[in-house]
Amino acid sequence: MAYLGTGLAYFFDILILLLMVRIAVMWLTRFSVMNEKNPTVILIQEKMSGLMSPITKPIKALIPDIGGVDISFAVMIVLLISARLLISTYFGT
């Protein structure tokens, strides 16, 4: 059972890391630190959007943008961290 808990914990860690990368790229392009027309940036945005959209879409449907700021990523990170803590507590990992 401990292996299952460890595997789930790693899975949640990877999801949290991917969400943070998505947020960083989104902010860096929004504040013109990274050029939106750069092919590498476009590729990263497309891949990250494709990976994260199925996860964040239900949250976006429930929580509207607040002042033009999308907080669904922050809510998703809090939920994933909470789930990881519950798994760690339950499985003792």
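Bear in mind the structure is a predicted one, so any value in this text is a computation, not a measurement.

Undergrad: Sorry if this is basic, but what is going on with the layout of surface pockets here?
TA: A water-sized probe rolled over the atoms picks out the places where empty space is left. There is about 170 Å³ of room inside the largest pocket. Lining of the largest pocket is provided by Ile 23, Met 26, Trp 27, Arg 30, Phe 31, Gly 68, Val 69, Asp 70, Ile 71, Phe 73 and Ala 74. When contributions to the lining of the largest pocket are tallied by element, the ones reaching two or more residues are helix H1 (2-30) and helix H3 (72-91). Among the elements that make up the lining of the largest pocket, the one with the highest residue count is H1 (four residues).

Undergrad: Is there a simple way to explain the packing of H1 against H3 in this structure?
TA: Helix packing geometry: the angle between the two helix axes and the distance between the axes. Packing of H1 against H3 leaves a shortest axis separation of 9 Å and a crossing angle of 165 degrees. When the interaxial angle is binned, H1 and H3 end up roughly antiparallel. Handedness of the crossing formed by H1 with H3: left-handed. Tallied by class, the residues present in the contact of H1 with H3 amount to 18 nonpolar, one polar and three charged.

What counts and how
Residues numbered from 1 in each chain as written. Predicted model: local features only at pLDDT ≥ 70, side-chain atom pairs only at ≥ 80, totals over all residues. Heavy atoms only, no water. 1 Å grid on protein atoms, 1.4 Å probe; cavity = no way out; pocket = protein on both sides within 12 Å on 5 of 7 lines; lining within 4 Å. Points joined across faces, edges and corners; volume = space filled by probe spheres on them. Helix = DSSP H or I, 4+ residues; strand = E, 2+ residues; numbered from the N terminus. Axes fitted to C-alpha atoms, helices over the stretch in contact; angles between N-to-C directions. Parallel < 35°, antiparallel > 145°, perpendicular 65-115°, else oblique. Left-handed = near helix turned anticlockwise from the far one by under 90°. Nonpolar A, V, L, I, M, F, W, Y, C, P; charged D, E, K, R; others polar.

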